[in-house]
Amino acid sequence: QVQLVESGGGLVQPGGSLRLSCAASLKIFSIYTMGWYRQAPGKPRELVASITGGGSTNYANSVKGRFTISRDNAKNTVYLQMNSLKSEDTAVYYCNSRLAALGADYWGQGTQVTVSS
């Protein structure tokens, strides 16, 4: 079965940086659109950033200019580099893999990111 495993979460101070990683067991990883979502307590899950197999990226306005999503197809891994972190970035961050043509939609277990002084 497909597995997505996130890592890299933790506690950082405002203005700090963190890099999240997601390793996927997908057989044809390069074809899937990969994304990072986050969910804060009492709030709905929201898209943070996504990257297609062709390398096209999308970012939520709230993170644009601060976060960068990238992928290494040789390693079946997607990354989220988070800079200039704010307290409002505090959430559980989830890795997502999607291939609309197949109705495929997979999720990782999530990793906690806490931004606090």
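Refer to the preceding data block for the structure.
Residues numbered from 1 in each chain as written. Predicted model: local features only at pLDDT ≥ 70, side-chain atom pairs only at ≥ 80, totals over all residues. Heavy atoms only, no water.

Colleague: I keep staring at the nonpolar core and nothing clicks. Help me out?
Modeller: Within soluble globular proteins, side chains that are nonpolar tend to cluster in buried spots. Residues Met 34, Trp 36, Leu 80, Met 82 and Tyr 93 are the most contacted members of the largest nonpolar core, which totals 29 residues. Contributing elements (two or more residues each) for this core: β3 (18-24), β4 (33-39), β5 (46-51), β7 (67-72), β8 (77-82), β9 (91-99) and β11 (111-115). Setting aside residues no more than four positions away along its own chain, Met 82 makes contact with Gly 16, Ser 17, Leu 18, Leu 20, Arg 66, Phe 67, Tyr 93 and Val 113. (Core = buried A, V, L, I, M, F, W, Y, C linked by side-chain atoms within 4.5 Å. Buried < 20%, exposed > 50% of the residue type's maximum accessible area, 1.4 Å probe, protein only. Helix = DSSP H or I, 4+ residues; strand = E, 2+ residues; numbered from the N terminus. Contact = heavy atoms within 4.5 Å.)

Colleague: Before we go on, may I ask you to explain the pairing of β11 in this structure?
Modeller: Side chains on a regular strand alternate between the two faces of the sheet. Where burial is concerned, the two faces of β11 differ: the one with Thr 111, Val 113 and Val 115 is buried and the one with Gln 112 and Thr 114 is not. The pairing of strand β2 (residues 10-12) with β11 spans 3 bridges and is classified as parallel. Bridge pairing links Val 12 to Val 115 in β11. Relative to β11, β9 runs antiparallel, the two being bridged by 3 bridges. Bridge assignment links Ala 91 to a residue of β11, and that residue is Val 113. (Pairing = 2+ DSSP bridges.)

Colleague: Mind showing me how you'd approach the sheet that holds strand β1 (residues 4-7) here?
Modeller: Pairing within the open sheet is antiparallel, and its 4 strands lie in the order β1-β3-β8-β7. The sheet is open, and its two borders are formed by β1 and β7, each paired with just one other strand. The sheet shows a mean angle of 15° between the axes of neighbouring strands, taken without regard to direction. Bridging between β3 and β8 involves 6 bridges; their strand directions are antiparallel. Pairing of Leu 18 across the sheet is with Met 82, part of β8. (Axes fitted to C-alpha atoms, helices over the stretch in contact; angles between N-to-C directions.)

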